[in-house]
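# Results of the structural survey
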Amino acid sequence: MNTRISSFEQAQPESRTLADRVCQEIVTAIIKGEIPPGHKISEPELARTYGISRGPLREAIRRLEGLRLVQRIPHIGARVVSLSSHELIEIYHVREAMEGMACRLAAENMTDEEVASLRALLEEHEQSLQETEGRAYFQKEGDLDFHYRIVQGSKNTKLKELLGGELYHLVRMYRYQFSLSSSRPIRALKEHHHIVDAIEHRDGELAEMLMRRHISAARKNIEKKLKQKHELRG
């Protein structure tokens, strides 16, 4: 994402703060599927929903484009990004390899304090999962996201750039939406605990294997749901 500060942002600090808030709220709505993939972005509709004027709203939409959650299509307008089945599965294959590597490096490089903090994060996730009765495993972004913490813990700059950049929110969106109404959220949390066990024991080889299996299981869950959807349409 381009992090340069525009003249608009410099001149309008209050609008920038409002744009930040609304951008974050729209990100969460997209991740949770409340604004679904392919949905056309209507500025009047969003302005009414979020109680915001057009100027800050357009700034928020520009940021969503930078996050790769919204794409502007010539003669059509802005829409929430929608990946093809092939593109989605390709991303999961990339994740399996790269996050597996990140997990191995995290076992080598995370401090004891960072591992303890990661364990505490999973306890918070467990409470959140109980509140939804195991139906959904929604992780907020950044340091509240287990996978983000693992990548940061790798201490590898390139992995952090690649996995924390433009793919990050796309992965969050599909990760959450394909975990709904299945047993996957509960299994995913258990797998997260096993991964932290391996990191805590400084077993990089096991940590990498468990992360690869974890993401592979998520991919297979997505493939199964895509197949079911195709069969229903057929």
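Below you will find a few notes about this structure. Only a predicted model underlies this, so the values are computations on that prediction, with no experimental measurement involved. Here the residue numbering is sequential within each chain, running from 1 through the sequence in written order. Side-chain atom pairs in this predicted model are given and counted only at pLDDT of 80 or more, local residue features only at pLDDT of at least 70, and totals for whole chains, interfaces and linings cover all residues. Note that the side-chain values use all heavy atoms of the structure and ignore hydrogens as well as water.

## Some points on the overall build of the protein chain
Secondary structure assignment for the protein chain yields eleven helices and two strands. The proportion of buried residues among the 234 residues of the protein chain is 44%. Residue-level accessible areas treat just the shown protein chains as cover; the underlying method is Shrake-Rupley with a 1.4 Å probe. On the protein chain, roughly 12,800 Å² of surface is accessible, and the fraction owed to carbon and sulfur atoms is 50%. Working definition: helices are DSSP H or I runs of at least four residues, strands are E runs of at least two. Numbering for both runs from the N terminus. Partly exposed residues are those whose accessible area sits between 20% and 50% of the maximum for their type, while under 20% is buried and over 50% is exposed, using a 1.4 Å probe and protein chains only.

## Focus: the pairing of strand β2 (residues 77-80)
Any two strands with at least two DSSP-identified bridges between them are counted as paired. Summarising the sheet, strand β1 (residues 70-73) and β2 pair through four bridges and their orientation is antiparallel. Across the sheet, Q71 pairs through a bridge with R79, a residue of β2. Hairpin geometry of β1 and β2 is characterised by an intervening segment of three residues between the two adjacent antiparallel strands and by a positive phi of about 70° at H75.

## So, the pattern of salt bridges
By salt bridge we mean one thing: a side-chain nitrogen of Lys or Arg within 4 Å of a carboxyl oxygen of Asp or Glu. Applying the stated criterion across every chain, the model contains 17 salt bridges. Here R54 ties to E43 by a salt bridge, and the two come within 3.5 Å at their closest N and O atoms. One end of the pair, R54, is in helix α4 (residues 54-66); the other, E43, is in helix α3 (residues 43-50), with eleven residues separating them in the sequence. Residues R212 and E96 are paired through a salt bridge, measuring 3.9 Å at the closest nitrogen-oxygen approach. Taken together, the residues span a long stretch of sequence, with R212 in helix α11 (residues 204-233) and E96 in helix α5 (residues 85-109) at a distance of 116 residues. Residue R212 is classed as partly exposed on the basis of its relative accessible area of 33%. For E96, a relative accessible area of 14% translates into the label buried. Several salt bridges converge on common partners, so that one network encompasses D20, E59, R62 and R63.

## Observations regarding the environment of R21
Inspection of the secondary structure assignment puts R21 in helix α2 (residues 13-31). Expressed as a C-alpha distance, the spacing of R21 and A60, which sit 39 residues apart in the sequence, is 8.5 Å. Separated by 3.0 Å, the side chains of R21 and E25 make a polar contact. Contacts described as polar in this section are N or O atom pairs within 3.5 Å, which, within protein, must combine one atom able to donate a hydrogen with one able to accept it, while residues neighboring in sequence count only if both atoms come from side chains.

## Observations regarding helix α10 (residues 184-200)
Each helix should span, by expectation, one fewer than its residue count multiplied by 1.5 Å. Look at α10: 24 Å from first C-alpha to last across 17 residues, which is about the 24 Å you get at 1.5 Å a residue. If you check which residues of α10 are buried, you get R184, P185, A188, L189, H192, I195, V196, A198 and I199. Taken from the residues just after α10, R202 is the one with a positive phi, measuring 60°.

## Focus: unusual backbone geometry
Backbone geometry places H75, a non-glycine residue, at a positive phi of 70°. For H75, a relative accessible area of 87% puts it in the exposed group. The phi angle at K155 is positive, at roughly 60°, despite the residue not being glycine. For K155, the position within the fold is in the loop between α7 (146-153) and α8 (157-163).

## What about the packing of α5 against α7?
Every axis in this analysis is a line fitted to C-alpha atoms, fitted for helices over the stretch in contact. Angles between the N-to-C directions lie between 0 and 180 degrees. Where α5 meets α7, the axes come as close as 7 Å, and the angle between the chain directions of the two elements is 60°. Taken together, α5 and α7 sit at an angle that is classed as oblique. Note that α5 runs across α7; the crossing there is left-handed. Residues R95, E99, A102, C103, L105, A106 and N109 of α5 pack against H147, I150, V151 and G153 of α7. In the scheme used here, Gly and all other residues not listed as nonpolar or charged are polar, with Ala, Val, Leu, Ile, Met, Phe, Trp, Tyr, Cys and Pro taken as nonpolar and Asp, Glu, Lys and Arg as charged. When the residues that make up the contact of α5 with α7 are grouped by side-chain class, the tally is six nonpolar, three polar and two charged. In this scheme, roughly parallel covers angles under 35 degrees and roughly antiparallel covers those over 145, while 65 to 115 is roughly perpendicular and the rest are oblique. What makes a crossing left-handed is the near helix being turned counterclockwise from the far one by less than a right angle; a clockwise turn instead makes it right-handed. Contacts were defined at the residue level, with two residues in contact if any of their heavy atoms lie within 4.5 Å.

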